[in-house]
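For reference, the chains in residue letters:
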Amino acid sequence: MYVIEVNNLTKSFGSNKVITGVSLKLKKGTSYVIIGGSGSGKSVLLKSIIGILKPTSGSVKINGNELTNLNQKDRDKLMLKCGILFQGGALFDSLTVADNIGFGLVYGFGFSKKQAREIAIEKLHDVNLKDDVLEKYPSELSGGMQKRVALARAIATSPDIIFFDEPTTGLDPITSGMINELIVKFTKEMGISALSITHDINSLKHISDRVGLLFGGKIIWEGDNKDLWTTDNPYVKQFVTGSLVGPFTA
Amino acid sequence: MNFYDFLTVVGKVFLKFLRATGNIAIFLFRSLLTGLTPPYYWKQIAIQTIQIGYYSLPVVGLTALFTGMAMTLQCYDGFSNFTSEGAIPSVVMIAMTRELGPVLASLMVAGRLGASMTAEIGTMKVTEQIDALSSLSVNPYKYLVFPRIITGTLLMPFLVFIDDIIGILGGYLVGVYHLGFNSANYIHNTFVSMSAWDVCSGLIKGAAFGFVICLMGCYQGFSSTKGAEGVGRSTTNSVVSSSIIILLLDGILTFVLF
Ligand SMILES: Nc1ncnc2c1ncn2[C@@H]1O[C@H](COP(=O)(O)OP(=O)(O)OP(=O)(O)O)[C@@H](O)[C@H]1O
Ligand SMILES: [Mg+2]
């Protein structure tokens, strides 16, 4: 049973063809991780899959629903089942941490502010932050703290599918480890499906069931976690070792 | 430059203008369509009411006060040549309510509010906060644009009204305390020739200008491109375009209303 099925998706900005044909499938309760060089279009791919960017062509099915065929109302409903972490956090500057985390609960699910706040506290603990940040504004937090608040916001609505764009970038190794644990817990214990992007090899090792390497607008290699370390594919090899020699040129 | 090149340039500019107009119309249509269907975001409307109504008062009031004062002084200079100083109160009143009140207040608000609106929304756009809104199943047009346009349109007449009062008061202060008018006479002359239409036409203009400021402010914010430079450019565009539209529209409305 696949929760996400992407078929031959392309996305261009004007004449700039960023994604030239990506197909991938995410099995329920598993974690798919997209890797690839900086600027290879990972974030664009993720946004095109969730429909924040309109794909130029191709098909995306989430829970069996073809995204382009859905009307706004059904799309919104589907979105409520998805938790999205943006690469830059994308916290609302004008709202406190508590209101940021509770936003989806209040506006999407009609929770009262008080209920939302209780859940916000719980989710803050999940990402290893304390209650004292609740009334702070995003600008008063460090970069890593912002990322974690954004993570808390993404999981606040208890989504069925999570989309994480570089969840551990900018975090210290211990916090990174915690976030990795959390993602593993989501998929292994709670049956949540995850589609993530990462640059962090350690994170890749821990959280991925399946991995796709994006290069030149296509997934040029796909395999299971264990294949990562044994494959002969020069791109993957270079990526996991961080070597300067290989098909990637900086 | 030959004639052909000239036509090309004119054509390009015209097409660009048409495209922008079309985009703005679609933008407005989307915002109204989503904004007018429940649920309504009252809290956003309340926040904008304070932003637009309350925080614009000082700048609008100051402009009005000094415009009224200067207006009276200038009129005195001219009118005393014809010993028709008695007309000053009503001239100041008409100028303030029909023209200067709505236009100056709106230009000031375009500078203050339109700019900050574009900067705020533009920053939200480039930092993916607008994407984040949709990802939390909140329509950004409904949440960000509609409350601003609706409060801007409804509150601007109120600001213009305050502007009228303060402007006339400024004229009174200069007239009575500087030029030596009799206070009772000045007040009498102000109101004797005042018609409700003078004030109302100004308020109608105010509503139209408020609408323009907020529409352009939001539209330019949504069109921001990446980087601090992108947001800066949009902010400038917002103020310049709404100021030009206000002045153009003022001409058209004056023609239509009188
Ligand atoms: N909204 C947009 N409009 C135009 N071009 C865009 C837009 N978003 C991204 N691009 C272009 O798409 C390409 C891929 O960008 P993307 O952000 O997906 O890279 P990435 O793989 O996520 O990189 P990183 O690892 O650095 O985050 C870049 O060349 C970028 O200029
Ligand atoms: Mg990216």
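Please refer to the structure higher up on the page.
Quick caveat, the model's predicted, so the values are computed rather than measured.

Draft legend 1. Expanded view of the overall build of chain A. When helices and strands are tallied, chain A shows eight helices and ten strands. Taking 18 Å as the expected radius of gyration for a compact globule of 250 residues, we find that chain A reaches 18 Å, a close match to that expectation. Structurally, chain A occupies a C-alpha span of about 55 × 45 × 35 Å along its principal axes. Buried positions account for 52% of the 250 residues belonging to chain A. Sequence separation of at least 24 residues holds for 63% of the intrachain contacts in chain A that already meet a minimum separation of 6. Accessible surface, chain A: about 11300 Å² in total, of which carbon and sulfur atoms supply 52%. Treating the 29 positive side-chain charges of chain A as one cloud and the 25 negative ones as another, the clouds have centres 6 Å apart.

Draft legend 2. Structural context of the environment of Ser238(B). Residues and elements named next belong to chain B. Here serine 238 shows up in helix α9 (residues 227-257). Classification of serine 238 as buried rests on a relative accessible area of 0%. Considered as a pair, serine 238 and glutamine 220 are 18 residues apart in the sequence and their alpha carbons are 5.8 Å apart. Those residues in contact with serine 238 that sit more than four places away from it in its chain are Gly114, Ala115, Thr118, Met216, Gly217 and Gln220. A polar side-chain atom of serine 238 sits 2.8 Å from a polar atom in the side chain of threonine 118.

Draft legend 3. Local environment of the interface of chain B and chain A. Contact with chain B, which involves 17 residues of that partner, is made by 20 residues of chain A. Both sides of the chain B and chain A interface together cover about 1600 Å² of buried area, and 60% of this is carbon and sulfur. Here Glu128(B) makes a salt bridge to Lys47(A), at a shortest N to O gap of 2.7 Å. Summed over the shared surface of chain B and chain A, the number is two residue pairs in polar contact (both at pLDDT 80 or more).

Draft legend 4. Representation of the sheet that holds strand β2 (residues 16-27) of chain A within the structure. All names here are of chain A. Ordered in space as β2-β1-β4-β5, the four strands form an open sheet in which the pairing is antiparallel. This sheet does not close on itself; its edge strands, each paired only once, are β2 and β5 (65-66). Of the strand pairs in this sheet, strand β1 (residues 2-13) and strand β4 (residues 57-62) are connected by five bridges, and their pairing is antiparallel. When the bridges of β4 are listed, glutamate 5 appears paired with lysine 61. Its contacts with the sheet place helix α1 (residues 42-50) against β1, β2 and β4, and it is angled at close to 120° to β1.

Draft legend 5. Representation of the packing of helix α2 (residues 42-54) of chain B against helix α6 (residues 140-178) of chain B in the model. All names here are of chain B. Relative to each other, α2 and α6 sit at 45°, their axes nearing to 9 Å. The angle between α2 and α6 places the two elements in the oblique class. Note on packing geometry: the crossing formed by α2 with α6 is right-handed. For the pair α2 and α6, contact is made by Gln44, Ile45, Gln48, Thr49, Ile52 and Gly53 and by Tyr143, Pro147, Arg148, Ile150, Thr151, Gly152, Leu155 and Leu159, respectively. Partitioned by chemical class, the residues of the contact of α2 with α6 number seven nonpolar, six polar and one charged.

Cut-off values and rules
- Residues numbered from 1 in each chain as written.
- Chains lettered and ligands numbered in written order.
- Predicted model: local features only at pLDDT ≥ 70, side-chain atom pairs only at ≥ 80, totals over all residues.
- Heavy atoms only, no water.
- Helix = DSSP H or I, 4+ residues; strand = E, 2+ residues; numbered from the N terminus.
- Rg over C-alpha atoms; globule rule 2.2 N^0.38 Å.
- Buried < 20%, exposed > 50% of the residue type's maximum accessible area, 1.4 Å probe, protein only.
- Contact = heavy atoms within 4.5 Å.
- Areas by Shrake-Rupley, 256 points an atom, 1.4 Å probe, with all protein chains shown as cover.
- Lys, Arg positive; Asp, Glu negative; His and termini not counted.
- Charge placed at Lys NZ, Arg CZ, Asp CG, Glu CD.
- Polar contact = N/O pair within 3.5 Å; in protein donor to acceptor, adjacent residues only side chain to side chain.
- Buried area = accessible area lost by both parts, 1.4 Å probe.
- Salt bridge = Lys/Arg side-chain N within 4 Å of Asp/Glu carboxyl O.
- Pairing = 2+ DSSP bridges.
- Axes fitted to C-alpha atoms, helices over the stretch in contact; angles between N-to-C directions.
- Parallel < 35°, antiparallel > 145°, perpendicular 65-115°, else oblique.
- Left-handed = near helix turned anticlockwise from the far one by under 90°.
- Nonpolar A, V, L, I, M, F, W, Y, C, P; charged D, E, K, R; others polar.

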